[in-house]
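# Residue-level structural notes
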Amino acid sequence: MTVSIALIVIGVLAVAFGLLLGYASIRFKVEADPLVEQIDEVLPQTQCGQCGYPGCRPYAEAIANGDDINKCPPGGESTIKKLADLTGKEAKPLDAAHGEEDVKKVAFIREDECIGCTKCIQACPVDAIVGAAKQMHTVLTQECTGCDLCVDPCPVDCIDMLPVEVTPASWKWDFDKTPKGDIPIKMVS
Amino acid sequence: MFPEFEDVVSRLDKGQLATFPGGVHPQDHKALSNQTQIADLPLANEFVIPVRQHIGTDGALLVRVGDKVMKGQPLTQSNQPFSVPVHAPTSGVVTDITQHVTAHPSGLNELCVVLKADGQDIWAPLSPCDDYTALDKTALIEKLCDAGISGMGGAGFPTHIKASANNEVEFLIINGAECEPYITSDDRLMREHAESILTGIDILSYLLKPKCVVFAIEDNKPEALDAIRKQVVSRPHVRVVSIETKYPAGGEKQLIQVVTGREVPRKGLPLDIGVTMFNVGTCHAINDAISFGKPLIERIVTVTGKAVKRPGNYRTRLGTPVNHLLSQAGYLADKQKTPQVIMGGPMMGFTLNDAAVPVVKITNCLLVPETHELTQGEDERACIRCSACADACPATLLPQQLYWHSKAREYDKAQEYNLFDCIECGACAYVCPSEIPLVHYYRKAKADVRLELDEKAKSEKAKERFEARKARLEQEKAEREEKHRKAKEARLAAAEKPARKAADATADPAKDKVAAALARAKARKAAQAAQATGEKASAENAEATTADAPQATEKPAGNKKAAVAAAIARAKAKKAAQNAETAETPSDQVVTPADSPAPATAPANDRKAAVAAAVARAKAKKAAREAEQQSAPQSDSSAPATKPVEESEQAPAPESPDVSAEDSAAEAKKKRIAAAVAKAKAKKAQKENENKA
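What counts and how
- Residues numbered from 1 in each chain as written.
- Chains lettered and ligands numbered in written order.
- Predicted model: local features only at pLDDT ≥ 70, side-chain atom pairs only at ≥ 80, totals over all residues.
- Heavy atoms only, no water.
- UniProt positions renumbered as here; feature names shortened; annotations may be inferred.
- Helix = DSSP H or I, 4+ residues; strand = E, 2+ residues; numbered from the N terminus.
- Contact = heavy atoms within 4.5 Å.
- Buried < 20%, exposed > 50% of the residue type's maximum accessible area, 1.4 Å probe, protein only.
- Pairing = 2+ DSSP bridges.
- Axes fitted to C-alpha atoms, helices over the stretch in contact; angles between N-to-C directions.
- Polar contact = N/O pair within 3.5 Å; in protein donor to acceptor, adjacent residues only side chain to side chain.
- Patch = residues over 30% accessible without salt bridge, like charges linked within 9 Å, V, L, I, M, F, W, Y side chains within 5 Å.
- Areas by Shrake-Rupley, 256 points an atom, 1.4 Å probe, with all protein chains shown as cover.
- Salt bridge = Lys/Arg side-chain N within 4 Å of Asp/Glu carboxyl O.
- Buried area = accessible area lost by both parts, 1.4 Å probe.
- Nonpolar A, V, L, I, M, F, W, Y, C, P; charged D, E, K, R; others polar.

As annotated in an unreviewed UniProt entry, chain B carries the name Ion-translocating oxidoreductase complex subunit C and comes from Alteromonas confluentis. Per UniProt, the comment on chain B under Function (unreviewed entry) is "Part of a membrane-bound complex that couples electron transfer with translocation of ions across the membrane." Looking at chain B in UniProt, the text filed under Subunit (unreviewed entry) is "The complex is composed of six subunits: RnfA, RnfB, RnfC, RnfD, RnfE and RnfG."

Looking at an unreviewed UniProt entry, one finds chain A named Ion-translocating oxidoreductase complex subunit B, with Alteromonas confluentis as its source organism. Recorded in UniProt under Subcellular location (unreviewed entry), the annotation for chain A is "Cell inner membrane". Per UniProt, chain A has the following entry under Subunit (unreviewed entry): "The complex is composed of six subunits: RnfA, RnfB, RnfC, RnfD, RnfE and RnfG."

See the structure below:
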């Protein structure tokens with residue numbers, strides 16, 4: 001008797017929770033894979049393709065499907081660290097096959113040498129180059145991600161990748177280069 | 001606990017003041033420089049005026065190199081709200097507008113106007129105002145903005161923004177604390193210009209309508225207190241309070257806490273709790289700007305330290321190079337082992353790395369210490385967890401935790417400990433027995449976090465643009481496909497009319513052949529004529545092109561090829577004729593009818609020269625690439641023949657059998673084809689050269 005009561009109670013509970021869970025899975029359904037979104041957030045969005053995928057999002061999808069997390073040179077070590085935290089994988093050093101971490105750069109067109117072929121405009125993944133056929137082109141420095149993709153298509157090699165200059169606003173309190181500049185916050189009293 | 005207005009006022013009247021937590025009591029060394037009257041500094045020969053001297057955006061330049069400017073003439077202008085202009089500190093000539101080292105710890109360059117003084121020092125026309133109450137608020141605020149006034153206490157916040165606040169202001173606090181050791185510029189200003197400061201306060205009161213005005217002065221400045229109290233007799237609404245001397249009582253948040261007992265919320269503004277604060281120097285500048293119409297072109301700078309002969313306060317024009325100021329104050333080089341000048345005080349200032357740095361709106365002090373006057377804290381030792389820093393922190397932070405996390409670059413954790421509430425006063429570093437430059441770590445961490453946020457914003461924008469582009473490309477592709485589909489439908493519809501089709505079919509081939517033959521004949525003649533002008537062609541390329549020639553011209557070509565060849569040939573002929581006339585060096589390509597006209601007339605004018613240069617560079621690039629991968633010589637032989645065929649598929653040539661008609665109609669197309677052929681030629685020539693070599 002007691003056994004059957006126990007069985008009935010457990011059975012009723014099982015059905016109730018089953019229904020509850022089933023309802024919750026429909027009611028609170030997560031539409032997309034949130035991991036891909038999160039990974040995409042972490043990636044630097046240069047859209048450079050150095051990872052071997054056509055843009056940051058495809059690489060984010062690949063990582064979500066198990067690809068290595070050390071294929072992003074523009075992101076460098078810090079991105080690998082964040083990806084490791086996110087995916088639970090071990091942080092590996094940057095895969096040299098995909099390039100090396102470099103200082104941030106932006107493209108610069110030597111304008112008097114530009115022939116107006118529009119090839120770089122087509123190559124730019126973020127529409128950061130303006131110009132028209134047979135007219136001089138120029139780079140919108142603010143929008144340029146420094147992905148390097150415009151350099152190769154240029155038939156006359158008039159695009160340089162210049163390192164982004166440090167301004168007082170972007171200076172990181174790094175006194176290595178200005179040894180005399182440290183703060184005299186100690187006084188002999 | 002938020003003290004109500006009445007409570008605060010009654011406490012103030014009773015002389016009871018609140019205090020802020022922590023704080024330190026360094027030796028103030030103020031007597032070094034506050035004994036003498038403010039001296040006028042002789043004009044420098046050259047002034048360097050940074051375009052941006054305040055927090056916010058910089059304006060657009062109004063002057064050009066070579067312009068003559070008057071004293072007080074604005075040099076920049078901006079429509080942005082967070083922007084104030086800079087003015088010429090004296091009359092003279094703008095000799096340069098360039099990147100020049102400015103007053104920043106990084107020692108990096110910023111855009112500056114270099115002004116050569118003419119020694120006349122003539123004012124631009126000023127518009128003084130005897131009765132500011134006759135003006136309405138907007139006019140007054142505009143005047144403040146045009147005078148270039150930004151906070152002179154240290155932060156450089158544009159004053160007109162603060163003065164145009166719409167919130168109800170309960171307390172207008174005038175900051176005369178000047179808590180940092182060594183600095184006495186505000187002290188001397190209060191002693192000597194009390195009337196001017198109070199007129200400035202009157203103007204601010206008129207603008208802000210505060211319920212209560214409090215003038216706060218540290219009790220280590222009794223003379224300044226007396227001077228202000230004398231002037232305040234006629235202004236009973238201004239309460240002068242003497243506050244306890246404790247560093248950093250002059251910090252905005254700390255002084256508000258001392259006077260009102262209220263705390264500024266984190267990420268909030270003083271205005272949120274009904275308080276606004278101005279520095280005494282700013283009040284003086286406001287009076288100058290409104291009552292006398294003078295823009296902000298000078299300020300009081302304390303030059304002090306034991307390595308100057310005449311320490312004191314100097315009325316200095318903005319833009320005066322530091323070395324001029326130092327030489328006037330009598331810099332004693334032999335008292336310093338290595339030259340060292342600190343801009344600002346010993347607690348929050350920074351060491352200059354160039355004596356050409358100009359004085360700017362926020363420069364209140366130049367400290368020139370003798371060799372052992374200050375220590376540099378170079379012997380940083382391990383933290384012993386004594387927590388003296390936490391006791392000293394006026395913002396009640398945990399400097400030790402911040403230090404660990406900042407040093408380990410764990411910025412998330414540092415932010416959990418409210419890194420951004422640190423006011424960088426240096427009290428923690430001052431008390432640290434291990435001489436750890438704590439503030440240095442916080443500043444670095446803050447800069448890193450800010451840059452990371454910037455990066456994040458930028459990558460967000462890049463992502464947006466990338467996605468917009470992808471969407472656009474897809475749309476374009478869809479549109480193209482739609483167009484093709486429609487064209488195909490139209491073609492099919494046209495095919496149903498057999499009569500027209502038959503007519504086209506019979507007419508085309510015969511006429512085309514004739515046209516092609518004519519063109520070839522013409523072209524040969526033209527080529528011969530060009531050669532006859534006796535210009536030299538480069539030997540290598542001549543070889544290359546003659547090798548190409550037969551393929552393009554003598555190959556029995558189909559109808560379309562023939563038409564293209566004809567078109568190119570005519571273009572050639574024209575070019576060749578031009579060449580013969582101008583007697584320019586015809587490029588080797590002229591020899592062969594199928595070649596491009598563009599390089600042939602290359603030297604004719606600048607643009608063509610540029611094109612030629614570009615082609616040459618393209619060649620060079622190709623050559624470099626080809627050198628690596630040896631390609632078979634035969635593989636490229638078919639290139640010139642096939643390429644025009646592809647191009648001509650869209651060409652309208654077959655539809656226009658008449659030669660002269662075609663000439664006018666297909667001119668543009670021809671040129672393009674010709675150019676394409678030329679490029680192919682150029683590449684091939686280079687390749688062959690490589691192969692031969």
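Our next topic: the UniProt feature "binding site: [4Fe-4S] cluster 1" (unreviewed entry) in chain A. Residues and elements named next belong to chain A. Mapped onto the present numbering, the UniProt feature "binding site: [4Fe-4S] cluster 1" (unreviewed entry) falls at Cys-48, Cys-51, Cys-56 and Cys-72. For this annotated set, covering 25 residues, all C-alpha atoms fall within 9.3 Å of each other, a compact arrangement in space. If you trace the backbone, Cys-56 turns up in helix α3 (residues 56–64). With residues near it in sequence (within four places) discarded, Cys-56 still touches Asp-40, Leu-43, Gln-45, Thr-46 and Gln-47. Locating Cys-72 in the fold gives a position in the loop between α3 and α4 (76–87). Residue Cys-72 is classed as buried on the basis of its relative accessible area, which comes to 8%. When residues no more than four places from it in sequence are discounted, the contact partners of Cys-72 are Leu-43, Pro-44, Tyr-59 and Leu-94.

Below, the discussion takes up the sheet that holds strand β13 (residues 312–317) of chain B. Residues and elements named next belong to chain B. Ordered in space as β1-β13-β12-β16-β14-β15, the six strands form an open sheet in which the pairing is mixed. Because the sheet does not close on itself, it has two edges, and the strands there are β1 (39–40) and β15 (350–351). By the bridge criterion, six bridges tie strand β12 (residues 298–304) to β13 in an arrangement that is antiparallel. Bridge pairing in β13 places Thr-302 opposite Asn-313. In the packing of helix α4 (residues 185–192) onto the sheet, contacts are made with β12 and β13, and the angle to β12 comes to roughly 125°.

Another point: the environment of Tyr-411 of chain B. Residues and elements named next belong to chain B. Note that Tyr-411 resides in helix α12 (residues 411–416). Separated by 35 residues in the primary sequence, Tyr-411 and Lys-446 place their C-alpha atoms 8.5 Å from one another. In contact with Tyr-411, other than residues within four places in its own chain, are Ser-406, Ala-445, Asp-448, Val-449 and Glu-452. For Tyr-411, the side chain forms a polar contact with the side chain of Asp-448, separated by 2.6 Å.

This part is about a nonpolar patch on the surface. Taken together, the side chains of Met-1, Ile-5, Val-9, Leu-13, Phe-17 and Leu-20 of chain A present a nonpolar region at the surface, about 650 Å² in accessible area. Considering the arrangement of structural elements, one finds Met-1 of chain A in the segment before α1 (2–27).

For the rest of this paragraph, the subject is the interface of chain B and chain A. Counting from both sides, the interface comprises 54 residues of chain B and, opposite them, 53 residues of chain A. Between chain B and chain A, the buried area comes to about 4,800 Å², and carbon and sulfur atoms account for 54% of it. Our count for the chain B to chain A interface comes out at six salt bridges. Notably, a salt bridge pairs Glu-143 of chain A with Arg-465 of chain B, separated by 3.7 Å at the nearest N-O pair. Our count for the contact surface shared by chain B and chain A stands at nine residue pairs in polar contact (both at pLDDT 80 or more). Counting residues per element, the ones that place at least two in the side of chain B that touches chain A are β7 (109–117), β15, β17 (374–375), α13 (427–431), α14 (438–495) and α18 (606–628) of chain B. The greatest single-element share of the side of chain B that touches chain A, amounting to 20 residues, is contributed by α14 of chain B. Of the residues belonging to the side of chain B that touches chain A, the class tally is 21 nonpolar, 14 polar and 19 charged.

Note on placement: Thr-159 of chain B falls in helix α3 (residues 159–163). Leave out the neighbours within four places in its chain, and Thr-159 of chain B touches Ile-149, Ser-150, Gly-151, Phe-278, Thr-282 and Ile-286 of chain B.

Attention now goes to the pairing of strand β6 (residues 92–101) of chain B. All names here are of chain B. Two elements, strand β4 (residues 68–69) and β6, share two bridges in a ladder whose sense is antiparallel. Considered in β6, the bridge of Lys-68 is made with Val-93. Pairing of β6 with β7, which is carried by nine bridges, proceeds in the antiparallel orientation. Residue Gln-99 lies in a different strand from β7, and its bridge partner there is Leu-111.

What follows deals with unusual backbone geometry. All names here are of chain B. A cis amide bond, omega 0°, links Tyr-247 with the succeeding residue Pro-248. In this fold, Pro-248 is placed in the loop between β10 (238–243) and α7 (252–260). Here the phi dihedral of Glu-178 falls at roughly 45°; this positive angle occurs in a residue that is not glycine. Mapped onto the elements of the fold, Glu-178 is located in the loop between β8 (171–176) and α4. What makes Glu-178 buried here is its relative accessible area of 9%.

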